[in-house]
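Results of the structural survey
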Amino acid sequence: MLRLRIIISCLVVGLTLNAASGRSNWVIDPKKTRISFAVDATGWPKTKGVFHDFEGNISVDFEKPKQSRVMFKVRTGSVDVGSDLLASLIRSSAFFNSEQHSEAVFVSTGIEKTSAKTVHITGNMTLLGVTHSESFDVFVDAGLADKGRLGYKATGSFERSKYGMVTGIPVIADVVDLEITTEQYEQAN
Amino acid sequence: MNKQTETLPDQWDAPARFLHWVSAIWVLGLMGLGLAMVNLVKASGLKFDLYQLHKSYGFLFGLVLIVRLTWKFIFHRRKISNRGFLHQAAIINHNLMLLLLLTLIASGYVVTCFSIIPIPIHVFGWNVPSLLSPDMLMEQGAISVHHMIAFALLALVLVHIGAALFHHFILKDKTLIRMLK
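Residues numbered from 1 in each chain as written. Chains lettered and ligands numbered in written order. Predicted model: local features only at pLDDT ≥ 70, side-chain atom pairs only at ≥ 80, totals over all residues. Heavy atoms only, no water.

Details of the overall build of chain A
- Counting its secondary structure elements, chain A contains 2 helices and 11 strands.
- Helices and strands appear in chain A in the N-to-C order α-β-β-β-β-β-β-α-β-β-β-β-β.
- Residues classed as buried in chain A amount to 49% of the 189 residues present.
- Only carbon and sulfur atoms are counted for the fraction: they give 48% of the accessible area of chain A, which is about 8,700 Å². (Helix = DSSP H or I, 4+ residues; strand = E, 2+ residues; numbered from the N terminus. Buried < 20%, exposed > 50% of the residue type's maximum accessible area, 1.4 Å probe, protein only. Areas by Shrake-Rupley, 256 points an atom, 1.4 Å probe, with all protein chains shown as cover.)

Below you can see the structure in the form of structure tokens.
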């Protein structure tokens, strides 16, 4: 999901910088990527977590951004919330059910430029075997463009109940906030 | 008045002293843990770990309490002559503390049973089964009861400690020494 935003960012930069035309492959730098989420709960501090195991493919068409494609996979079992016990609960059938649904996947279906430095990306997110359309806003940091890299910050949220993840609602919020910060570089063909 | 008098020993027997001090440390530890996890810790992960620790050791203390009550009421019954108001107050305070300890453990268990988030009490690799259906309102009520009992117990513990010190430093008798030696 977050990766999608990253992809969108690439598009924005491409549009902003009038990058070379044609389709480009942008690779996520995992060392510079952080895929995080936050969930609120009544009488409990906001639970923040990250995923350590993920992958993404980005194909950006700067001339026709609508033809650009982004695909991200997150291994839900790699969730890290600062507590092994809490992570075990989140991986259990009460939430991610990582044993049966090991991956959450986002595949973009549309990308729209919203300003010189932002894009809006829409795509299909699959979680717990259920697919729904989600959208994210991406801010593109072109400060690293001279080094052939692009920085992104993608934010969005989704309602977990749509995917059948209803445990704890309403004590634990239905809405899950997502944030992805990343750097990407263009892969040589 | 009971004419059957029994002279109190110079010290309580070892199991009674051991169970008393284990209980004291355990209960005060659980109370400190409870206050810290609810009011002080802000990190979700650590907070969660402390809650699970509180639940596990709270349940285990329930087992210790059963052993202690068994020892007290089956093997350790004694009839001691009524020695006035302080004696009666001590008996009432002791029995109230035991009653509150039991209800504190029970209410803690009830909180986990009513929770709409399925997090069983984990004890030595065993998940304590829940005997109640999740109910958000009942959970909130049980939490309030659990907290009220805890603070009431804390007040009685302070009275208990104050009385022990009163016996030792003012009355200069063996009440405290009996539990120490």
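Next comes the rest of the description.
Considering helix α4 (residues 136–171) of chain B
Residues and elements named next belong to chain B.
- Between the first and last C-alpha of α4 there are 51 Å, a value that for 36 residues agrees with the 52 Å anticipated at 1.5 Å per step.
- Of all the positions in α4, only Glu139, Ala142, His146, Ile149, Ala150, Leu153, Leu156, Val157, Ala164 and His167 are classed as buried.
- Considering only its buried residues, α4 is in contact with α1 (14–40), α2 (44–75), α3 (85–114) and α5 (175–180).
- Remark: lysine 172 follows α4 within two positions and exhibits a positive phi of approximately 50°. (Expected span 1.5 Å × (residues − 1). Contact = heavy atoms within 4.5 Å.)

As for the side chain of arginine 149 of chain A
All names here are of chain A.
- Tracing the chain through its elements places arginine 149 in strand β10 (residues 149–159).
- Side-chain polar atoms of arginine 149 contact the side chain of glutamate 183, separated by 2.9 Å.
- The residues contacting arginine 149, other than those within four sequence positions of it, are Asp29, Lys32, Leu144, Glu183, Gln184 and Tyr185. (Polar contact = N/O pair within 3.5 Å; in protein donor to acceptor, adjacent residues only side chain to side chain.)

Considering the pairing of strand β9 (residues 130–141) of chain A
Residue and element names in this part refer to chain A.
- The pairing of strand β8 (residues 118–127) with β9 spans 10 bridges and is classified as antiparallel. Residue pairing across strands places leucine 127 opposite valine 130, the latter belonging to β9.
- Count of turn residues in the β8/β9 antiparallel hairpin: 2 residues, of which leucine 128 carries a positive phi of about 55°.
- Taken together, the 5 bridges between β9 and β10 define a ladder with antiparallel strand orientation. Within β10, the residue paired with aspartate 137 across the bridge is threonine 155. (Pairing = 2+ DSSP bridges.)

Regarding α1 of chain B
All names here are of chain B.
- Between its first and last C-alpha, α1 extends 37 Å over 27 residues, near the 39 Å set by a 1.5 Å rise per residue.
- Buried within α1 are the following residues: Ala16, Arg17, Leu19, His20, Ser23, Val27, Leu30, Met31, Leu33, Gly34, Ala36 and Met37.
- Tucked inside the fold, the buried residues of α1 contact α2, α3, α4 and α5.

Some thoughts on the interface of chain B and chain A
- Taken together, the contact between chain B and chain A spans 14 residues of the former and 17 residues of the latter.
- Each partner contributes to the roughly 1,200 Å² buried at the junction of chain B and chain A, and carbon and sulfur atoms together form 79% of this total.
- Taken as a group, Ser44, Phe48 and Ile117 of chain B account for 40% of the area that chain B buries against chain A, more than any other trio of residues on that side.
- Where chain B packs against chain A, one counts 0 salt bridges.
- Between the two partners, chain B and chain A, sit 3 residue pairs in polar contact (both at pLDDT 80 or more).
- The greatest single-element share of the side of chain B that touches chain A, amounting to 7 residues, is contributed by α2 of chain B.
- Residue composition of the side of chain B that touches chain A, by class: 8 nonpolar, 3 polar and 3 charged. (Buried area = accessible area lost by both parts, 1.4 Å probe. Salt bridge = Lys/Arg side-chain N within 4 Å of Asp/Glu carboxyl O. Nonpolar A, V, L, I, M, F, W, Y, C, P; charged D, E, K, R; others polar.)

What to know about the nonpolar core
- One finds Phe37, Val79 and Leu127 of chain A to be the most contacted residues of the largest nonpolar core, which totals 46 residues.
- Discounting residues that sit within four places of it in the chain, phenylalanine 37 of chain A has contacts with Thr47, Lys48, Gly49, Val50, Phe51, Val79, Val81, Val176, Asp177 and Leu178 of chain A.
- With 18 residues, the next largest nonpolar core counts Leu19, Leu65, Leu101 and Ala150 of chain B among its residues. (Core = buried A, V, L, I, M, F, W, Y, C linked by side-chain atoms within 4.5 Å.)

Digging into the pattern of salt bridges
Residue and element names in this part refer to chain A.
- Applying the stated criterion across every chain, the model contains 7 salt bridges over all chains.
- Among the salt bridges present, the one from aspartate 53 reaches arginine 75, with a minimum N-O distance of 3.3 Å. On the criterion of sequence distance, the pair formed by aspartate 53 in the loop between β3 (44–51) and β4 (54–61) and arginine 75 in strand β5 (residues 69–75) is long-range, its members being 22 residues apart.
- Residue aspartate 53 is classed as partly exposed on the basis of its relative accessible area, which comes to 33%.

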